[in-house]
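Each chain, written out:
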Amino acid sequence: MFRRENKVKIEMSLKKLSIICLILMLATVAIVGCKALPNFRPPPIPPSPFIPPGGGHILPPKNPFIFVYAILAVDEEFVGDQLQGIGYAQLEVERVKSRLEYQYGITIEIVDIVGWNSDNSKSGSSLFYEAVEETGFYSGMVRNGFEIDALIAFTGQYLGYGGLCWIEKSALIVQYQGYWCDDNVLQHEVSHLFYADDGVQGTSCYILQCVMSYHTVAVETVEEDEETYNVYAEVPEGYLANTWCADHYKNITLNKFRYTVVGDMNNDDRVSISDIVTIAIFWGYNDPRADLNGDYKTTISDIVRAALHWGETKN
Ligand SMILES: [Ca+2]
Ligand SMILES: [Ca+2]
Ligand SMILES: [Ca+2]
Ligand SMILES: [Ca+2]
Ligand SMILES: [Zn+2]
Ligand SMILES: [Zn+2]
């Protein structure tokens, strides 16, 4: 059975949870409470917008200037039991990231990976709140030299929803359900961070093939990446869509500038001629905001990159 997901209402009182950091011995990986995993290396500073860590883009980037810096959190069931592990969580982020890069020039940079020990009696929003509290996440916190925009949590426990997003906190959680749909649920929740609403009945989205759509369809099997998955359930249309309808595309395009715009030197959320002038002044210096091609220095090629970007953000 798949349950529909809902946004968490902020009116709900946040349960005070004591922070319990337990040491878990899981396979070969030791997770210490909310600490970073020992084998995780944060991305280099400055980030390299055109050469992502670990290889090239799956799809050609349209305009990768918007960075969402995130912390990835996984609970002990997700890491241990159900075949997924941290690599699976990273893979799901990569799948969603490639779609965001292609459509919007938005990239998700995982700055840290943390484990949390989920209380086995919790589900729903209380499980989600626990993830937020135990990781100590808040929007704007600094980790590994980055200001963090979002928490992306995965649970292997029963959440009762495919995913939840706490928009005001910039935090989201996804429950493991299967390779064919976890990418779509994550994509849906990430879209909430850009104020894309649920495509409920009565919206134009509802009847469209959009990752936000709640309209349910009966599905027997799903083909994904050359594998066939048995589903035999009613699932939201959003579980089957990798793209966004026109309204949601517009939402995300308008709201993406709330995140870090690389090349925006004067913080007016766009790259314009004044930024190009500033970048030119930084010529020869190493200012990460001015290094648009990730070669750790500011040269004419960064100015050309900014000028190209200017064409897309000047209005
Ligand atoms: Ca647990
Ligand atoms: Ca999918
Ligand atoms: Ca600017
Ligand atoms: Ca450069
Ligand atoms: Zn939703
Ligand atoms: Zn839509």
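**Q** Could you give an account of the nonpolar core, with specific residues and numbers?
**A** Within the largest apolar cluster, 73 residues are counted, with the highest numbers of intra-cluster contacts made by Ala70, Ile71, Leu72, Ala73, Leu151 and Leu172. Ranked by residues supplied to this core, first place goes to strand β3 (residues 66-75) with 8 residues. If we ignore the near neighbours within four places in the chain, the residues touching alanine 73 are Val114, Trp116, Ala131, Thr135, Leu151 and Ala153.

**Q** I'd like a rundown of the packing of helix α2 (residues 85-104) against helix α4 (residues 179-192), residues and numbers included.
**A** Running from amino to carboxyl end, α2 crosses α4 at an angle of 60 degrees, the nearest separation of the two axes being 9 Å. Considering their axes alone, α2 and α4 lie oblique with respect to each other. Where α2 crosses over α4, the handedness of that crossing is right-handed. In contact with Glu92, Arg95, Val96 and Arg99 of α2, α4 contributes Asp182, Asp183, Leu186, Gln187 and Val190. Among the residues making up the contact of α2 with α4, the classes are represented as 3 nonpolar, 1 polar and 5 charged.

**Q** So, the pairing of β3: which residues are in play, and what are the values?
**A** With 9 of 10 residues buried, β3 lies mostly within the body of the structure. Where β3 meets strand β4 (residues 106-116), 10 bridges bridge the pair, whose relative direction is parallel. The residue bridging isoleucine 66 from the neighbouring strand is isoleucine 106, located in β4. In this sheet, strand β12 (residues 260-261) lies alongside β3 in antiparallel orientation, the contact comprising 2 bridges. The residue of β12 that forms the bridge with phenylalanine 67 is threonine 260. Two elements, β3 and strand β7 (residues 150-155), share 5 bridges in a ladder whose sense is parallel. Residue leucine 72 lies in a different strand from β7, and its bridge partner there is isoleucine 152.

**Q** Summarise the pairing of strand β11 (residues 227-236); cite the residues concerned and give the values.
**A** Direction of pairing for strand β10 (residues 216-224) relative to β11: antiparallel, over a ladder of 8 bridges. Within the sheet, the bridge partner assigned to valine 217 lies in β11 and is valine 235. Between β10 and β11, which pair antiparallel and follow one another directly, the connecting turn spans 2 residues, one of which, aspartate 225, has a positive phi of 45 degrees.

**Q** Let's hear about the confidence of the model for the chain: which residues, and what values?
**A** Confidence in the prediction of the chain, expressed as mean pLDDT, is 79, and 77% of residues score 70 or more. Here residues 1-62 is a poorly scored stretch, pLDDT under 50, and it has 102 contacts once near neighbours within four places are set aside; other chains count.

**Q** Requested: an account of unusual backbone geometry, with residues and values cited.
**A** In terms of backbone geometry, most residues other than glycine have negative phi values and most peptide bonds are trans. A positive phi is found at serine 170, a non-glycine position, where the angle reads about 55 degrees. In this fold, serine 170 is placed in the loop between β8 (163-166) and β9 (171-175). You will see that tyrosine 232, though not glycine, has its phi angle at about 45 degrees, which is positive. Here tyrosine 232 shows up in strand β11.

**Q** An account of helix α6 (residues 273-281) is requested, with residue identities and associated values reported.
**A** In an α-helix, one full turn covers 3.6 residues, which means residues spaced three or four apart are oriented alike. For α6, the set of buried residues is Asp275, Ile276 and Ile279. Here the buried residues of α6 occupy an arc of 100 degrees about the axis, which is enough to place them on one side.

**Q** If you had to explain α2 to someone new, which residues and values would you point to?
**A** Here α2 spans 29 Å end to end across 20 residues, near enough to the 28 Å set by a 1.5 Å rise per residue. Inspection of α2 places Ala89, Glu92, Val93, Val96, Lys97, Arg99, Leu100, Glu101 and Tyr104 among the buried residues, and these make up the whole buried set. Looking at the buried side of α2, the elements it contacts are β3, α1 (76-80), β4, β7, α4 and α5 (246-255).

**Q** Requested: an account of the environment of tyrosine 179, with residues and values cited.
**A** Along the chain, tyrosine 179 turns up in helix α4. Residue classification places tyrosine 179 among the partly exposed positions, given that 18 C-beta atoms sit within 10 Å. Between the alpha carbons of tyrosine 179 and leucine 91 there is a distance of 9.9 Å; along the sequence they are 88 residues apart.

Quick notes on the rules
Residues numbered from 1 in each chain as written. Chains lettered and ligands numbered in written order. Predicted model: local features only at pLDDT ≥ 70, side-chain atom pairs only at ≥ 80, totals over all residues. Core = buried A, V, L, I, M, F, W, Y, C linked by C-beta atoms within 7 Å. Buried ≥ 20, exposed ≤ 12 C-beta atoms within 10 Å, placed from the backbone. Helix = DSSP H or I, 4+ residues; strand = E, 2+ residues; numbered from the N terminus. Contact = placed C-beta atoms within 7 Å. Axes fitted to C-alpha atoms, helices over the stretch in contact; angles between N-to-C directions. Parallel < 35°, antiparallel > 145°, perpendicular 65-115°, else oblique. Left-handed = near helix turned anticlockwise from the far one by under 90°. Nonpolar A, V, L, I, M, F, W, Y, C, P; charged D, E, K, R; others polar. Pairing = 2+ DSSP bridges. pLDDT = per-residue confidence, 0-100. Arc of directions from axis to C-beta. Expected span 1.5 Å × (residues − 1).

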